[in-house]
Amino acid sequence: MAIQRKKITVVGAGFTGATTAFLLAQKELGDVVLLDIPQLENPTKGKALDMLEASPVQGFDSNIVGTSNYEDAAGSDIVIITAGIARKPGMSRDDLVNTNAGIVKSVCENVKKHCPDSIVIILSNPVDAMTYVAYETLGFPKSRVIGQSGVLDTARYCTFIAQELNVSVEDVRGFVLGGHGDDMVPLVRYSNVGGIPIEKLISAERIEAIVKRTRTGGGEIVNLLGNGSAYYAPAASLVQMAEAIIKDKKRIIPAIALLEGEYGYDNLFMGVPTLLGGEGIEKIFVLELLDEEKAALDKSADAVRSVIKIVTI
Ligand SMILES: NC(=O)C1=CN([C@@H]2O[C@H](COP(=O)(O)OP(=O)(O)OC[C@H]3O[C@@H](n4cnc5c(N)ncnc54)[C@H](O)[C@@H]3O)[C@@H](O)[C@H]2O)C=CC1
Ligand SMILES: O=C([O-])CC(=O)C(=O)O
C-alpha cells in the first residue's frame, strides 16, 4: 500500500505564508498547498512553482502547489492561517482586529467545509483574538485550534539571553506566557542556560532590559522593516509547531490555547505551555506563579479580553 504523505495547507501566501511553505517543504514535513485570494492566484502559483524548482538543489521531494481554490486543500492534515493584513510602524497589532477577524472568519468557513479533520494553527494578528474567531467559526474541538505566539516570543527572549552571555542559543531555555502583546510575560524564574538559572548569570537590570525588548520584539522588527512585520522567525515558529504535530513529538511548546479554568481564566485564548502532539494540544501545563508573576499575567489576560470584546464575528 502506498504511504500517504501528510498534507499541509498554508492560507495567505504573503511574507509569513510563503516563508512557512518553503520551510515546511525543505523539512519534508508533507506536501504543501499555498493558498491566497483569487486576485493573487497567478503570483501564488508562481511562488509555489519557484519553491518547487528549488527542490532538486535543496534535495527535497515535497510537492508544493499554489492555488486560490479550497478544493485543492481538501483533506489537509494541518491548516496554517497567515491570511490578513500586517501592521506598519505606529500601529499596534490590535489595530488589525476587525479587518483580520473578517478575513479569518471567511477562511475558517472554507477550512471547516474542505478540511474538517485538520488541526488549525493561526498566525494572523491580533493572534489571541484571531484564535478565538477561528475556534468560534470552525466548531472544532479546542485541541485542534491553536494560536502561534509563544514559540516566537520565546525564540526572541532566548536570542537576547544568548547574545547577552555570548553562549549558544541551544543551551538557553525559557518561555513566555500570556497574550501576544506588549504585556506578555517572559518567565524569568523558569529560564536557564545549561541548567543554570539566568538570575545567577545576568544582573537584574539587564534581565529587565531583555524582558522589555522581548515584549516589544515584534515592534522592533516592524520599525526596522518599515512596511510590514517579521516573517522568518514567525515562519520557523509555525514549522516547529507543525513538526511537533506531524511527528507526534509530544513537545512542550508555548501556544495559544482555550483556557477553561487553567491559571484561573475561563473561556479565554492565551499563550500557555502546552504538550503538542498528533492530536494537537494534548495537555496544558499549569505552573505555580508568584504573586507578581500572576499579576503580570492578569494584566496580559485583561489586554487580550479587551480586544476580544471588540471583535465582531
Ligand atoms: N502571531 C504572530 O506571532 C505573528 C503574526 N503575524 C501576522 O500574520 C499576518 C500575515 O503577515 P504577513 O504574511 O507578513 O502579511 P502579508 O501581507 O505579506 O501576507 C498576507 C497575505 O494574506 C492574504 N490574504 C488576505 N485575505 C485573504 C483571504 N481571505 N484568503 C486568503 N488569503 C488572504 C493576502 O493576499 C496576503 O498575500 C498578519 O496579520 C501579521 O500581523 C505576523 C508575524 C508573527
Ligand atoms: O509585530 C507584529 O505585528 C508581527 C508579530 O506579531 C511579531 O512579529 O511578533
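Residue positions are counted from 1 within each chain, in the order its sequence is given. A letter from A marks each chain and a number from 1 marks each ligand, given out in the order of writing. Where local features are concerned, this predicted model is filtered to residues with pLDDT of at least 70; where side-chain atom pairs are given and counted, the filter is 80 or more; whole-chain, interface and lining totals use all residues. Note that the side-chain values use all heavy atoms of the structure and ignore hydrogens as well as water.

Here the focus is the UniProt feature "binding site: substrate" (unreviewed entry) in the protein. UniProt positions are given in the numbering used here, feature names are shortened, and annotations may be inferred rather than shown by experiment. If you check UniProt for "binding site: substrate" (unreviewed entry), the listed places come out as R87, R93, N125 and R156 in our numbering. For the largest pocket, the lining residues drawn from the annotated set are R87, R93, N125 and R156. Secondary structure elements follow DSSP: runs of H or I of four or more residues count as helices, runs of E of two or more count as strands, with numbering from the N terminus. Within the element layout of this structure, R87 appears in the loop between strand 4 (78–81) and helix 4 (97–114). Should any heavy atoms of two residues lie within 4.5 Å, those residues are counted as being in contact. What R87 contacts, discounting residues up to four positions off in sequence, is S92, R93, L96, G218, G219, V222, G228 and S229. Of the grid points, spaced at 1 Å and generated over the protein atoms alone, those admitting a 1.4 Å probe that cannot get out make up cavities, while open sets with protein on both sides within 12 Å along at least five of seven lines make up pockets; any residue with an atom within 4 Å of a point is treated as lining.

Turning our eyes to something else, we now look at the layout of surface pockets. Here the largest pocket defines a volume of roughly 1000 Å³. As for the largest pocket, its lining consists of 46 residues, of which T82, A83, G84, I85 and A86 are closest to the centre. Of all elements in the fold, only helix 1 (15–26), helix 2 (41–52), helix 4, helix 6 (150–165) and helix 8 (217–225) reach the threshold of two or more residues within the lining of the largest pocket. Of the residues forming the lining of the largest pocket, the biggest block, five residues, is contributed by helix 4. Considering only residue class, the lining of the largest pocket consists of 21 nonpolar, 19 polar and six charged. Grid points are joined across faces, edges and corners, and a volume is the space filled by probe spheres set on the points. The calculated volume of the second largest pocket comes to roughly 650 Å³. Lining of the second largest pocket is provided by 21 residues; of these, T154, R173, G174, Q240 and R251 occupy positions nearest its centre. Sorting the residues of the lining of the second largest pocket by element identifies helix 6, strand 7 (172–173), helix 9 (232–246) and strand 12 (251–260) as the ones contributing at least two each. Basically, the charged four are Asp, Glu, Lys and Arg, the nonpolar ten are Ala, Val, Leu, Ile, Met, Phe, Trp, Tyr, Cys and Pro, and anything else, Gly included, counts as polar.

By the element assignment, G195 lies in the loop between strand 10 (192–193) and strand 11 (196–197). Taking the C-alpha atoms as reference points, G195 and R173, 22 residues apart in sequence, are found 8.1 Å from one another.

Expected span, for any helix, means 1.5 Å times one less than how many residues it has. The end-to-end C-alpha separation of helix 10 (residues 291–310) is 29 Å, in line with the 28 Å expected for 20 residues at 1.5 Å each. Here helix 10 has its buried residues at E293, L297, S300, A301, V304, V307 and I308. The buried residues of helix 10 occupy an angular sector of 115° when projected down its axis, which confines them to one face. What points out from helix 10, more than 90 degrees from its buried face, is the exposed set D291, E292, K299 and K309. The buried label goes to any residue with under 20% of its type's maximum accessible area, the exposed label to any with over 50%, and the partly exposed label to all in between, with areas taken from a 1.4 Å probe on protein chains only. An arc is given here, and it is the one of the directions from the helix axis to the C-beta atoms.

Our focus in this paragraph is the nonpolar core. Soluble globular proteins tend to pack their nonpolar side chains together in the buried interior. Within the largest apolar cluster, 78 residues are counted, with the highest numbers of intra-cluster contacts made by L24, I80 and L177. Per element, the largest residue contribution to this core is seven residues, and it comes from helix 9. In contact with I80, other than residues within four places in its own chain, are I8, T9, V10, V11, T20, L24, I121, L238 and A242. In this text, buried Ala, Val, Leu, Ile, Met, Phe, Trp, Tyr and Cys residues form a nonpolar core when linked through side-chain atoms within 4.5 Å. Grouped together as the second largest cluster of nonpolar side chains are 15 residues, A162, M184, V193 and I198 included.

Right, let's talk about the UniProt feature "active site" (unreviewed entry) in the protein for a bit. UniProt feature "active site" (unreviewed entry): in the numbering of this structure it lies at H180. On the secondary structure map, H180 appears in the loop between strand 8 (176–177) and strand 9 (185–186). Among all residues touching H180, those that are not within four sequence positions of it are R93, N125, V127, D128, S149, L152 and D153.

If you check helix 2, its first and last C-alpha atoms are 16 Å apart, about what twelve residues at 1.5 Å a residue would give, namely 16 Å. If you check which residues of helix 2 are buried, you get T44, A48 and M51. The buried residues of helix 2 occupy one face: seen down the axis, they fall within an arc of 60°. Residues of helix 2 that are exposed and angled more than 90 degrees away from the buried face: N42 and D50.

We call a residue near a molecule or strand as soon as one heavy atom of that residue lies within 4 Å of the molecule or strand. In the region of ligand 2, the neighbouring residues are R87, R93, N125, L152, R156, H180, G218, V222, S229 and A230. The definition of a polar contact used here is a pair of N or O atoms within 3.5 Å, where within protein one atom must be able to donate a hydrogen and the other to accept one, and adjacent residues in sequence count solely through side-chain atom pairs. Here an oxygen atom of ligand 2 sits 2.9 Å away from a polar atom, N or O, in the side chain of N125. H180 places a side-chain nitrogen or oxygen 2.7 Å from an oxygen atom of ligand 2. Here the Shrake-Rupley method, with its probe set to 1.4 Å, supplies the accessible areas, and only the displayed protein chains count as covering residues. Contact with the protein chains hides 95% of the accessible area of ligand 2, taken as 260 Å² for the molecule alone. Here the criterion for a molecule occupying a pocket or cavity is that more than half of its atoms lie within 2 Å of the pocket grid points. Comparing atom positions with the cavity grids shows ligand 2 to sit within the largest pocket. Breaking the shell around ligand 2 down by element, the ones donating at least two residues are helix 6 and helix 8. Taken together, the residues of the shell around ligand 2 sort by class into three nonpolar, four polar and three charged.

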